[in-house]
Structure formats: structure tokens, C-alpha cells
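Overview (structure and organization)
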Amino acid sequence: MRYPPTSWSIPNFPKMATSKKKKMPVREETQDVDNDSAMAVPSSAIPPPNISSIKNKMRRTQEFIKLKRQRRKEKKELQKKKKREAEALGDEAPPKKVPKTIENMRVFDETMVDPQDEEVLHDEAHDEMASYFTRDSRPKVLITSSDRPRSTTTRFLKELGQCIPNSEIYYRRGLDLKKVIPQALAKEFTDIIVINEDRRKPNGMLLCHLPDGPTAHFKISNVKLHDEIKRAPKSTEHHPEVILNNFNTRLGHTVGRMFAALFPHDPQFSGRQAVTFHNQRDFIFFRHHRYLFKNNKRVGLNELGPRFTLKLRSLQKGTFDSKFGEYEWVHKRHEMDTSRRKFFL
Amino acid sequence: MAASMQHVYVGAATGVFKGVNLAKKTATNFQNVASLSREEEICAMCWGNQQESQVCIGLKNGLVKTFDAEQGEFTDCANCAGGEGKFTGLAKYQESLVTCVESGLLRVWKDEDKVDIEVGKDVCRMRQNHALPHQVATGGKENELKLWDIQEPEKPIFKAKNVRNDFLDLRVPVWVTDLQFLSEQKLVTCTGHRQVRVYDPATPQRRPALNVELGEYALTALSVTPDCHSVIVGDSQGSMVMVDLRMGKVQKAFKGFAGGIRSLQCHPSLPLVASCGLDRFLRIHDINTKEMLHKVYLKSKLNCLLFSSADFTQEQTETTKKQKRKLESSNITEEDEDELWGSMSVVQDSKKADKTKRKSKSKKLKKLK
């Protein structure tokens with residue numbers, strides 16, 4: 001029954017493979033053939049005791065803690081080993097793996113704007129906000145709230161007014177928004193912001209660009225006013241710089257342009273103030289900071305407030321018209337939120 | 001000839017005119033984007049001839065351009081300005097163009113002389129009866145549905161009457177947003193106040209024969225399905241439903257919309273419906289299964305579309321058949337396969353556990369040989 005192992009095992013290996021390592025299995029094979037009957041289960045194959053089958057609770061807990069500790073130890077060792085290897089290899093070390101996050105595994109979106117796309121550029125150059133970007137109009141913002149605002153909302157309005165230059169705060173006085181819009185147009189406002197409140201807390205924001213829209217409706221959450229932020233200094237009346245982050249899709253571009261059109265051109269850098277609209281997973285984070293360059297590398301930030309988070313609910317073509325207005329985009333939760341990795345802005 | 005293969009033509013608010021080939025899944029832009037302005041917004045479209053090789057597009061500034069699908073370029077440009085506002089409908093009648101604008105001027109452009117019909121203010125839509133091409137219907141805001149004969153422009157053939165007052169004895173407002181001929185005689189309209197109505201001009205009754213209320217948002221577009229039993233309506237918030245006209249009930253709803261629908265059209269023979277709107281997508285749904293078959297991002301807000309009556313699924317199947325044939329030819333017969341398996345050498349593993357089994361197998365093989 002025995003035959004020389006070379007007769008059938010060598011053709012399997014590529015010709016280059018002549019090192020010892022590759023031949024190892026062949027040798028083992030021959031050994032196995034020799035003591036075929038003597039094969040026994042090795043002692044290390046005894047499975048570890050099943051902890052959950054221990055009936056004494058205290059012992060079970062102890063065993064579990066022990067197991068955890070051991071696993072952690074092994075993990076640490078593995079990490080150390082990898083680190084040592086990487087150090088030893090120096091530049092040739094394999095690159096560090098990038099952790100998978102919801103953002104970088106985002107579902108492909110075909111509306112992602114390519115900055116060289118002629119058609120999108122043309123569309124944007126002729127949209128409703130174009131007059132701001134060509135510097136033909138200067139922003140003038142009307143800020144108001146829902147009827148009979150409570151103190152949190154009024155304070156929020158005030159702080160928003162301090163944050164946005166050239167803005168005026170008005171009490172709503174029970175006026176219909178559809179009646180407010182023509183008056184605002186007559187007074188040459190370019191934007192209307194309406195803060196809605198529920199249970200004494202601001203919960204919605206309507207941003208309406210004038211004269212012909214669009215109108216965006218946001219949900220507001222996590223409002224922190226100036227007083228609630230620790231060590232917040234007072235803001236000045238300088239025109240702030242505007243930072244818009246991650247507005248990359250076609251819808252995101254429109255929303256980003258609407259935010260940009262709230263603030264005047266040419267920020268006053270002496271004020272060292274910046275307003276940030278940071279989009280992450282479709283939540284838009286609003287922050288207002290004063291910065292200070294400490295040296296070439298470090299920047300000190302001082303948050304001025306207010307601080308809040310927005311989430312887009314709908315974008316309407318034209319000015320506010322809840323009954324007959326046409327929607328450019330509506331967030332339909334059950335239809336659209338099919339994946340946690342799908343974003344629209 | 002590549003240009004003649006377009007299955008859907010769409011006109012955008014930016015003035016971009018595109019053709020979409022659904023079999024090849026390509027979209028072609030036929031206009032130079034850089035030269036366009038907001039005044040060249042495409043408001044209405046119609047086929048230029050029976051063979052559907054020409055497309056007429058009505059622009060906001062009063063021009064009507066003719067696009068030749070075979071040549072893939074614009075061949076003609078006529079100034080059809082008159083009245084005020086955008087075009088609400090275009091039609092072809094015996095080589096002459098029929099236009100209608102928002103202010104209510106319906107014009108038939110025979111060479112040199114024109115026939116004018118005043119159809120009333122705030123027209124939202126004008127459509128032609130494809131069975132009787134000399135008939136057109138109009139409707140708009142506070143402007144009831146009217147049926148016109150182009151040959152007798154003095155008086156409408158049929159003028160609809162508003163429905164009875166509601167339970168509070170208040171007048172029901174009129175706002176016809178879209179309409180279509182259901183058969184030779186009957187008409188379907190949808191309104192901004194969420195109703196779908198069927199009119200029958202053949203009967204003496206001028207009020208609608210059927211009046212269905214739907215949803216919450218203004219209806220913007222409609223199209224009759226190929227079997228003429230139901231109608232598909234789209235609204236300003238992006239929902240599209242199919243209404244059965246025999247029962248007067250919503251039959252099914254189509255999914256996948258993000259923004260308001262501006263235009264929709266059913267395929268004349270296949271169970272397909274194309275829709276486009278403010279969310280910049282062209283979507284093709286299967287009417288029977290409600291499934292979305294195609295979704296094309298076209299980069300601009302789309303105003304109107306034309307769905308060609310060509311049967312493009314045939315092309316698709318042809319291509320798939322070709323692919324299948326290719327696959328077949330590349331397939332290996334069973335004998336070849338056996339040979340291939342025979343010529344392969346036995347793979348070994350260094351793992352101990354498998355060894356005994358594999359060894360015995362290889363031994364058996366040896367024996368067989």
C-alpha cells in the first residue's frame with residue numbers, strides 16, 4: 001500500500017516552491033501514513049467548559065470574569081504584537097485599516113454634485129439664490145416666531161438675531177405667514193425665518209427665501225442658548241465668516257446656498273467670528289464661535305451660542321404655501337429611510 | 001441614427017431638452033447648456049408627426065422649436081408668441097401648430113393666417129383628442145373644462161358646469177390642472193382641489209359623471225392607462241396613485257417619489273408609466289406590479305415628458321437573447337467537462353483531519369486508473 005510520496009504530491013506544487021516550508025506537509029503526510037492506527041485525539045482538543053452551564057451563580061460569574069480577563073489579555077497581546085511588527089517594518093508596514101463608519105459606507109447617491117458638472121453649475125447660476133451670489137442683492141432677514149412665543153423662544157430669537165447681521169426680529173402678532181410675505185417683500189427682505197415652538201421649546205424652523213422661494217422646513221433639536229453654554233463670551237456685531245460642511249448632493253447644495261444667502265458677503269475678519277453649518281448624517285449642526293490663532297498650529301475656540309441641530313423635513317418650490325405649494329423634496333420616513341447608510345444632504 | 005433611439009423625451013425648467021434611451025440606459029442632452037437662459041424654459045411638448053420622429057417644444061419666451069429625432073438636432077424654430085404667460089399646451093393639427101397660453105389665447109398657426117380662440121383666463125392645460133384631432137379641450141383656474149372644435153372656433157362644443165354647492169351651500173372652487181380624453185368622447189380632469197372628474201359631453205348632463213376626492217395635496221398631472229379603465233394621477237407632494245374610474249376608488253399607489261410630479265404619461269400599449277417632476281428624476285413604473293423599473297437622474301427640474309409608443313422591451317429582449325446566445329456558444333459540453341476534470345490534479349491540504357478521508361479517496365482513484 002505504501003508508495004513514495006513524491007510520485008503524487010509534487011505535481012501539486014508550483015515549480016518555484018522548493019523551500020522547506022512548502023515541503024513540510026508532504027513529510028507529515030508520510031508520517032501519518034506510517035502510524036495511521038496510532039492516531040489519537042490530542043489533549044488540547046478538550047473544549048473549554050461551557051460557562052453558562054454552571055449552575056452556581058457565583059461561580060458562573062467568577063468564571064465569566066476570568067474568561068473576559070483572559071480574552072482582553074489576548075487581545076492586548078495581539079495589538080502589541082502588531083504594533084511591534086509595524087515598528088520593525090518601518091515604512092514597509094501595512095497601512096492602518098480605516099474603521100468602517102456609517103458615513104464612509106454611505107449608500108451611493110447619483111445626485112452627488114461633481115464640481116465640474118456644466119449642467120448643475122448652469123442650474124445653480126440661474127436659481128432663486130443666484131442674485132445673492134452675483135452680489136446683486138444684500139441679505140436682509142426677518143426673524144419671527146409662532147404666535148405667542150414663550151421665554152425660551154424669545155431668547156432664542158434674540159440670539160439668532162445677534163448672530164445674523166442685518167436681521168430684524170418681529171413679534172408675530174397672530175399674522176398669517178401668507179400675509180407677512182408680501183409685506184416683507186415690500187420692505188425688501190430677502191429671507192424670513194420663523195421659529196415654531198411646542199411645549200415652550202423651539203422645535204421647528206421655516207426658512208423662506210424671498211422673492212420666489214425656495215422654502216425649507218427644518219426640525220430643531222438640542223437648542224442651547226448663550227447662558228447655558230459655559231464660559232461663553234458675548235458676540236460682537238461683526239459680520240461672521242460662514243462655514244458650510246458636507247453639503248454635497250444636489251439637495252444639499254440648494255440647502256447650503258440658502259444658508260449662505262442669510263449672511264452678508266465680505267466677513268469682517270477683525271471680529272474673528274465664524275458660523276458653522278456642519279452636516280453629518282443629514283443632521284445640520286449650527287455653531288457660533290470666536291477663534292484665536294495661538295500659534296501656527298493651534299487654534300483656540302470660544303463658543304458664543306446659540307447652538308442647535310437642524311434636520312430637513314421638506315423643501316418647497318416658491319414661497320410658503322402649505323396647501324397648494326409644490327415640493328422639491330419631502331422626507332417620507334417610511335418610504336425613504338430604508339437604510340441607515342442612506343443620506344440625502 | 002443613434003439619436004432616433006430615444007424612448008422618453010424630457011424638457012426641463014432650465015431649458016435643457018433630453019432624450020432617454022431605456023434599453024441602453026443612456027440620457028442625451030440635445031442643447032448647449034452654456035447658451036441657455038431662464039427664458040428658454042420648456043413648458044409644453046408634443047409630437048411633430050404621426051411617426052413620432054419629430055418633437056415640438058414650446059419655450060417660455062414664445063418660441064416653438066422642432067426637434068428631429070433622426071438627425072438628432074433642431075430643424076425649425078417658429079415664433080409663436082401671443083397672449084401672456086407660458087405655453088400650457090401644444091398640438092399638431094394637419095401640419096399646423098395649435099398653441100395655448102396661460103392668458104387664454106388658443107391659436108391655430110396655419111401658414112400666414114391664424115385662427116384665434118379665447119378660452120378664458122388662467123388656463124392650466126390644453127390637450128388634443130388623439131381620436132378626433134380637430135378637438136381640443138382646455139381648463140384652468142376658475143375656468144371650467146371646455147371642449148373646442150378647431151374648425152368652428154366661435155363656440156365651444158361642450159362647456160362643463162361646476163358641481164353643486166357643498167353641504168354648507170358654498171360654491172366649490174374650480175381649478176382644472178390637467179385633463180385628458182378618456183375615449184373618443186369622454187374626458188377626465190384632475191383639479192388643484194384634489195378631485196378627479198369624468199365628463200361625458202355626449203350626454204346632456206354638463207356636470208361630471210364621476211367625482212372622486214383624493215389625498216391632501218393638489219393634483220398636478222394625470223394620464224389614462226392603456227385599458228382606459230383607470231387613470232393615474234400625480235400630486236404636488238410626490239405621490240402617484242391609480243384611480244379606477246368604474247368604482248371611483250384608489251386602486252394602487254406607486255412609490256419612490258421625493259418631490260412634486262409635473263408630468264406623467266402612460267405608454268400607449270405597454271403597462272408602463274413614466275413620470276417626472278421637481279425632484280429631477282425620471283421614473284418608469286410597471287402599472288401592474290407597481291414596481292419601479294427605471295430611475296434616471298437628469299440634473300434639472302423636469303417640466304414635461306413625452307413617452308414614445310415604440311415597444312422598447314422588444315429591443316431589450318433582443319439584446320438579452322444575444323447575450324444568452326453568446327453564453328450558450330461559450331458553454332462547454334459535458335464531454336469536455338469530464339476531460340477537464342480528469343486532467344486536473346488532486347489538491348492536498350496540510351490539515352491533518354482531512355487527510356485520512358482524502359487519502360482513501362485518492363487511493364480509490366488510483367485503483368480505478
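You'll find the structure just up there.
Keep in mind the model is a prediction, meaning the values are calculated, not measured.

Roughly 670 Å³ of internal volume is contained in the second largest pocket. Considering the residues around the second largest pocket, the lining is formed by 29 residues, among which A:Lys342, A:Phe344, B:Phe281, B:Arg283 and B:Lys295 are closest to the centre. Looking at the lining of the second largest pocket, the elements with two or more residues in it are helix H8 (250-260), strand S11 (327-330) and helix H9 (333-336) of chain A together with strand S26 (281-286) and strand S27 (292-297) of chain B. At three residues, the largest contribution of residues to the lining of the second largest pocket is made by S27(B). The residue makeup of the lining of the second largest pocket, split by class, is 14 nonpolar, four polar and eleven charged.

Turning next to the environment of B:Asp244. All names here are of chain B. Along the chain, Asp244 turns up in strand S22 (residues 240-244). Setting aside residues no more than four positions away along its own chain, Asp244 makes contact with His229, Ser230, Lys249 and Gln251. Among the polar contacts listed, one links the side chain of Asp244 to the side chain of Gln251, at a separation of 3.0 Å.

All names here are of chain B. The antiparallel open sheet is built from four strands, whose spatial order is S4-S5-S6-S7. Looking at which strands have only one partner, the edges of the open sheet turn out to be strand S4 (42-47) and strand S7 (73-79). Between one strand and the next, the sheet's axes are offset by a mean angle of 25 degrees, whatever the strand orientation. Two elements, strand S6 (residues 63-68) and S7, share six bridges in a ladder whose sense is antiparallel. What sits directly across from Leu63, in S7, is Asn79.

Summarising the element assignment, B:Lys18 is placed in strand S2 (residues 17-21). According to the relative accessible area criterion, B:Lys18 is buried, its value standing at 7%. A polar contact of 3.0 Å, which involves the side chain of B:Lys18, links it to the side chain of A:Glu119. Among the polar contacts made by the side chain of B:Lys18, one reaches the main-chain carbonyl oxygen of B:Leu298 at a distance of 2.8 Å.

Let us now look at the sheet that holds S27(B). Either a parallel or an antiparallel arrangement is found when strands of a sheet pair, and the pairing is made through backbone hydrogen bonds. Residue and element names in this part refer to chain B. Strand order in the open sheet formed by four strands is S24-S25-S26-S27, and the pairing between neighbours is antiparallel. Unpaired on one side and paired on the other, strand S24 (261-266) and S27 mark the two borders of the sheet. Here the average twist between neighbouring strands, direction ignored, is 15 degrees. Inspection of the sheet shows strand S25 (residues 272-277) paired to S26 by five bridges, in the antiparallel sense. Within S26, the residue paired with Ser275 across the bridge is Arg283.

The full count for this structure, using the stated rule, is 25 salt bridges over all chains. Residue A:Glu326 pairs with B:Arg262 through a salt bridge whose shortest N-O separation is 2.9 Å. Pair noted here: A:Glu326 is in the loop between strand S10 (307-316) and S11 and B:Arg262 is in strand S24, and the two residues belong to different chains. As far as the burial class goes, A:Glu326 and B:Arg262 line up, both buried. For the salt bridge of B:Arg246 with B:Asp244, the shortest nitrogen-to-oxygen distance reads 3.5 Å. On the basis of relative accessible area, B:Arg246 is assigned to the exposed category, the value being 59%. Here B:Asp244 falls in the buried class, since its relative accessible area comes to 3%. Salt bridges here are not isolated pairs; linked through shared partners, they connect A:Asp123, A:Glu124, A:Asp127, A:Arg250, A:Arg257, B:Arg38 and B:Arg280.

The rules behind the values
- Residues numbered from 1 in each chain as written.
- Chains lettered and ligands numbered in written order.
- Predicted model: local features only at pLDDT ≥ 70, side-chain atom pairs only at ≥ 80, totals over all residues.
- Heavy atoms only, no water.
- 1 Å grid on protein atoms, 1.4 Å probe; cavity = no way out; pocket = protein on both sides within 12 Å on 5 of 7 lines; lining within 4 Å.
- Points joined across faces, edges and corners; volume = space filled by probe spheres on them.
- Helix = DSSP H or I, 4+ residues; strand = E, 2+ residues; numbered from the N terminus.
- Nonpolar A, V, L, I, M, F, W, Y, C, P; charged D, E, K, R; others polar.
- Contact = heavy atoms within 4.5 Å.
- Polar contact = N/O pair within 3.5 Å; in protein donor to acceptor, adjacent residues only side chain to side chain.
- Pairing = 2+ DSSP bridges.
- Axes fitted to C-alpha atoms, helices over the stretch in contact; angles between N-to-C directions.
- Buried < 20%, exposed > 50% of the residue type's maximum accessible area, 1.4 Å probe, protein only.
- Salt bridge = Lys/Arg side-chain N within 4 Å of Asp/Glu carboxyl O.

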